[in-house]
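Read off the chains here:
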Amino acid sequence: QAAGLAGNWVSEVLAQVNRAVRREAPTAPSRRGVWRGRQFYGYASPFDLMLEVMDAQLRATVAYVVIEDASLFEASLQLAGAVQLVRRPPAMPLASLLAAVGQREERCVDCSAAEALGLAIAARVPLYIEEEVWESTAVRAEPVLLQSSAGPVLTLEVLEEELGDAGLFLFQPGEAFAEAEGGGAGPRQAWELESAEDLRGLSLEDKARTLLASENYQGPLPRARKVRLEGDGVLDDLLLPVMDEAVRREVMLERAIAQRDWAEIQRLSADKSVRSKLRDEVQRAEDSGEEDVARRLRRELELASTLRADITQDSGDYSSFLDKDDWYERDRRRAMGLPEEEEPPRP
């Protein structure tokens, strides 16, 4: 509630600044001066144009905007925005939108913090800030009334003693925030996870670091709000495509068993790659105490991994001509006197 009141107060200040900007904004008549039967003088900002497009093309209006922390890391702050859109049915006038609660459609759209602020000013709607963001970034300021050619303008002046280090790490989207805590080695890449148990042992932040460290993961991290609402499974779904195909199958098989999806269980159990079958045989040999057999099978598993061009892709997803030949790799190792065990290829 405190954040909401603070957000409304900031919105009022920004609205007054915006009104002054509108009065001082130069008019830019179009080439013909008249558009669809009305005089057209341009837009005060790109956000005014965006609002008009949303109303005309999407039948949507902005209800309010939110400034939130999108970071998944506790010691960092990534400012982001979200816009709550209200869409009305066809042929419904804008004046009837507030009354028709059951007929309107609401949707939250992610955006940057700057876009959220711009839309809030242009649409003159409430601006809400997450309480944690407000408490960690708020500074004391005092209102100052400035004189301009268009009249008095209310602005804010931050007190000098409030300017300083907030003690937060500002995390930028796409930045490789993958350092391990305590100065140790960095996190493993997703394809280096060796089993479904390894995945279960990762914390939420560890999963996020693993995604950022993975060279074959190109997308952004999901927002903290999405993870809070949908759970850690959001990160698991992003990790699966860039994991070792054998480990991925193990994770998916566990999910299918938990959901009692018998058709999926049968498909995953029947359509196993050579590496997946070798992993199962290694596990059975270890469970039965046959260490010599398990050691030999692990060497075969390592060799099968070396043959693959990309261990993150399922068999048949790419041309088999990209893989090494089994006989060639065995002869090469013997001819060069290489050790029997080598690191599997990086995807």
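See the structure above.
Residues numbered from 1 in each chain as written. Predicted model: local features only at pLDDT ≥ 70, side-chain atom pairs only at ≥ 80, totals over all residues. Heavy atoms only, no water.

## Examining the packing of aromatic side chains
Here's step 1: Using the criterion set out here, one finds two aromatic pairs in the structure.
Here's step 2: Ring centres of Y64 and Y128 lie 5.5 Å apart, and the angle between their planes is 85 degrees; on these two criteria the pair is classed as edge-to-face. Of this pair, Y64 sits in strand β3 (residues 60-69) while Y128 sits in strand β7 (residues 127-129), placing them 64 residues apart in sequence.
Here's step 3: Overall, Y128 belongs to the partly exposed group, its relative accessible area being 30%.
Here's step 4: Measuring from centroid to centroid gives 6.0 Å for W327 and Y328, while their planes differ by 90 degrees, and the two rings are edge-to-face.
Here's step 5: Relative accessible area serves as the criterion here: at 55%, W327 is assigned to the exposed category. (Phe/Tyr/Trp six-rings, centres within 6.5 Å; stacked < 30°, edge-to-face > 60°. Helix = DSSP H or I, 4+ residues; strand = E, 2+ residues; numbered from the N terminus. Buried < 20%, exposed > 50% of the residue type's maximum accessible area, 1.4 Å probe, protein only.)

## Here's the deal with the pattern of salt bridges
Here's step 1: This model, assessed by the stated rule, comprises 28 salt bridges.
Here's step 2: We note a salt bridge from R255 to D237, for which the minimum N-O separation is 3.0 Å. One end of the pair, R255, is in helix α9 (residues 245-259); the other, D237, is in helix α8 (residues 233-239), with 18 residues separating them in the sequence.
Here's step 3: When its relative accessible area of 43% is taken as the criterion, D237 is described as partly exposed.
Here's step 4: With a closest N to O distance of 2.7 Å, D326 and R330 form a salt bridge. Here D326 pairs with R330, and both are found in helix α13 (residues 326-336), just four residues apart, close to one helical turn. (Salt bridge = Lys/Arg side-chain N within 4 Å of Asp/Glu carboxyl O.)

Any functional reading would require information beyond the geometric quantities listed.
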